[in-house]
Amino acid sequence: MVRPWSVNKETGEKIPGLIELTEIPVPELGQDEALVEIAGCGVCHTDLGYFYQGVPTVNKPPLTLGHEISGRVVAGPNHLVGKEVIVPAVMPCGECEICKMGRENRCLKQKMPGNSLGIYGGFSSHIPVPARDLCIIENRGDMPLEHLAVVADAVTTPYQAAKRGELKEGDRVVIIGTGGGIGVYMTQMAKAFGAAFVVGIDIDEVKLERALKFGADAVINAKQKDIKTIRDEFKSICKENGLPHNFGWKIFECSGTKPGQELGLSLLSFVGRMVVVGFTMAKVEYQISRLMAFDAEMIGTWGCPPRHYPAVLELVLEGKIQIEPFIEMRPMSKIGDAFEEAHSGRLMRRIVLVPDF
Ligand SMILES: [Zn+2]
Ligand SMILES: [Zn+2]
């Protein structure tokens, strides 16, 4: 990314962003670094935020975007060379107080490819990364290596969200944005963690149909409906299934939209918990005292600690979390088109870009 989209403050004119193919030298590797030859890198909502919506990157452009990477180690520590790996989307420092608290996914010194790892990112042929946190893929069967790129973020983030939300056997769960890039895995993850009943909410009928095959027990199409109508549908689903509608629901907001967050807050009720998984710059108004009256909680979740990656990879390789129906491969040289399509929100599957240069 040479420059993101922006708006001229005086004229209000939109200035298009620019992505360019360029060559940068391979840096000298530090002792604890590895060079990964990239097999695939997923296009994430976060990349689109950086490019289209003015979400700032830690390292200023020009830089290479992309943080959902699988590949093969071609240089670095001996025990890693030749290994296939997943590069965690956020790599903690491992030394600070936050890391020592066991909250290392939110380490303030963390490195994220395509954001805070210098100019390096996943939309590239190679990337130098810290070696310590790489997740080694020992036996992927017939799963293509590039497909596993989505484990680096889209699948691990819901895993950590489930951990943060203390999702457990028998839970009642609502997933807002159930058909989206994170939501499809959050929905499956809820079931993998033993949820008894999962309600998926989205605005795309086809994606909702699909959600019913991958984790959702019931779905609600929220398109062009006001909150009251959606709540009424939710209540009737609860009634039909002999479930209470007003207590004990865990709500995972994965849409990263203002209406999604507003809906989540309106469904949050007695001894409930809302986990904020998606990101938006929008602000939402809420009577915070309701949390007190409901004895409810609202928590945020960010990324996933690298130590959990092997467990997530296992869920995928065992087939408990399906990734194949939700991804499609494209040549990396077509990144401009891929971004445009992903930005339009019409895609049924997440794009994984495969280096073709
Ligand atoms: Zn991401
Ligand atoms: Zn740290």
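Every value quoted in this text rests on a predicted model; they were computed, and no experiment measured them. (Residues numbered from 1 in each chain as written. Chains lettered and ligands numbered in written order. Predicted model: local features only at pLDDT ≥ 70, side-chain atom pairs only at ≥ 80, totals over all residues. Heavy atoms only, no water.)

Draft legend 1. Seen up close, the coordination of the zinc ion (ligand 1). Ligation of the zinc ion (ligand 1) by protein atoms is provided by Cys44 (SG), His67 (NE2) and Asp153 (OD), these donors lying 1.7 to 2.2 Å from the ion. Each donor residue of the zinc ion (ligand 1) lies on the same chain, and together they follow the pattern C-x22-H-x85-D. Of the two residues, Cys44 sits in the loop between β3 (33-42) and α1 (45-52) while His67 sits in the loop between α1 and β4 (69-75), which places them 23 residues apart along the sequence. In this pair, the class of Cys44 matches that of His67, namely buried. (Donors = N, O, S within 2.8 Å, 3.2 Å for Na, K, Ca; no water. Helix = DSSP H or I, 4+ residues; strand = E, 2+ residues; numbered from the N terminus. Buried < 20%, exposed > 50% of the residue type's maximum accessible area, 1.4 Å probe, protein only.)

Draft legend 2. How the structure looks around the side chain of Arg210. Tracing the backbone shows Arg210 in helix α5 (residues 205-213). Although buried, Arg210 forms no salt bridge, and the nearest oppositely charged side chain, Asp202, lies 7.6 Å from it. In terms of polar contacts, Arg210 uses its side chain to reach the backbone carbonyl oxygen of Gly179, at 3.5 Å. (Lys, Arg positive; Asp, Glu negative; His and termini not counted. Salt bridge = Lys/Arg side-chain N within 4 Å of Asp/Glu carboxyl O. Polar contact = N/O pair within 3.5 Å; in protein donor to acceptor, adjacent residues only side chain to side chain.)

Draft legend 3. Molecular detail of the packing of aromatic side chains. This model, assessed by the stated rule, comprises 9 aromatic pairs. Considering the side-chain rings of Phe51 and Tyr52, the 4.8 Å spacing of their centres and the 80° angle between planes classify their relative orientation as edge-to-face. As far as the burial class goes, Phe51 and Tyr52 line up, both buried. Ring plane angle 75° and centroid distance 5.7 Å describe the contact between Phe51 and Phe339, whose orientation is recorded as edge-to-face. Within this pair, whereas Phe51 is found in helix α1, its partner Phe339 is found in helix α10 (residues 335-344), the two being separated by 288 residues in sequence. Note on Phe51: relative accessible area 5%, which makes it buried. (Phe/Tyr/Trp six-rings, centres within 6.5 Å; stacked < 30°, edge-to-face > 60°.)

Draft legend 4. How the structure looks around the coordination of the zinc ion (ligand 2). Donor atoms from the polypeptide that coordinate the zinc ion (ligand 2) comprise Cys93 (SG), Cys96 (SG), Cys99 (SG) and Cys107 (SG), at 2.3 to 2.4 Å from the metal. Classification of the site at the zinc ion (ligand 2) as tetrahedral follows from its 4 donor atoms and the range of 105 to 116° in their angles at the metal. For the zinc ion (ligand 2), the donor residues sit on a single chain with the sequence spacing C-x2-C-x2-C-x7-C. For the pair Cys93 and Cys99, a shared accessibility class is recorded, and that class is buried. (Tetrahedral: all angles 85-135°; square planar, octahedral: opposite > 155°, others 65-115°.)

Draft legend 5. Highlighting the pairing of strand β12 (residues 273-276). Direction of pairing for strand β11 (residues 249-253) relative to β12: parallel, over a ladder of 4 bridges. Pairing of Lys250 across the sheet is with Arg273, part of β12. Each parallel crossover has a hand, and the one from β11 via helix α7 (residues 258-267) to β12 is right-handed. Examined bridge by bridge, β12 and strand β13 (residues 297-300) share 4 bridges and lie parallel to one another. Pairing of Met274 across the sheet is with Met298, part of β13. (Pairing = 2+ DSSP bridges. Right-handed = clockwise from strand over helix to strand, strands pointing away.)

Draft legend 6. Focus on the pattern of salt bridges. In the structure shown here, the tally under the stated rule is 16 salt bridges. We note a salt bridge from Arg72 to Glu84, for which the minimum N-O separation is 3.1 Å. Taken together, the positions of Arg72 in strand β4 and Glu84 in strand β5 (residues 84-87) put the pair 12 residues apart, joining distant regions of the chain. One salt bridge connects Glu318 with Lys320, and the closest N-O pair in it is separated by 3.2 Å. What you see here is one network of salt bridges that share partners, running through Arg72, Glu84 and Arg140.

Draft legend 7. Expanded view of the sheet that holds strand β9 (residues 197-202). With parallel pairing, 6 strands are arranged side by side in an open sheet as β10-β9-β8-β11-β12-β13. The open sheet has two edge strands with one neighbour each: β10 (218-221) and β13. Strand-to-strand twist of the sheet, defined as the mean angle between neighbouring strand axes without regard to direction, takes the value 15°. Contacting β8 (172-176), β9 and β11, helix α4 (residues 183-192) crosses the sheet at an angle of about 175° to β8. (Axes fitted to C-alpha atoms, helices over the stretch in contact; angles between N-to-C directions. Contact = heavy atoms within 4.5 Å.)

Draft legend 8. Structural detail: α7. Judged by how many residues are buried, α7 sits mostly within the fold: 7 of 10 residues are covered. Listing the buried residues of α7 in full gives Gly260, Gln261, Leu263, Gly264, Leu265, Ser266 and Leu267. Two or three places before Gly260, at the start of α7, stands the capping residue Thr257, its side-chain oxygen 3.0 Å from that residue's backbone nitrogen.

Draft legend 9. Layout of the environment of Thr64. By the element assignment, Thr64 lies in the loop between α1 and β4. Taking the C-alpha atoms as reference points, Thr64 and Asn115, separated by 51 residues in sequence, lie 8.1 Å from one another. Beyond its immediate stretch of four places on either side in the chain, Thr64 contacts Gly114, Ile119, Tyr120, Gly121, Phe123 and Ser124. Within the structure, the side chain of Thr64 is placed 2.9 Å from the backbone oxygen of Ile119, a separation counted as a polar contact.

Draft legend 10. Structural context of the side chain of Thr57. Mapped onto the fold, Thr57 is located in the loop between α1 and β4. By relative accessible area, Thr57 is classed as buried at 4%. Once you skip the residues sitting within four places of it in the chain, Thr57 turns out to touch Met1, Tyr50, Leu63, Leu65, Gly114 and Asn115.

Draft legend 11. Here's a closer look at the layout of surface pockets. Its boundaries defined by the atoms lining it, the second largest pocket holds a volume of some 680 Å³. In terms of lining, the second largest pocket is formed by 29 residues, of which the most central are Leu21, Thr22, Thr64, Phe123 and Ser124. Broken down by secondary-structure element, the contributors of at least two residues to the lining of the second largest pocket are β6 (126-130) and α10. Looking at the lining of the second largest pocket element by element, the count peaks at 3 residues for β6. The class makeup of the residues in the lining of the second largest pocket is 21 nonpolar, 6 polar and 2 charged. (1 Å grid on protein atoms, 1.4 Å probe; cavity = no way out; pocket = protein on both sides within 12 Å on 5 of 7 lines; lining within 4 Å. Points joined across faces, edges and corners; volume = space filled by probe spheres on them. Nonpolar A, V, L, I, M, F, W, Y, C, P; charged D, E, K, R; others polar.)

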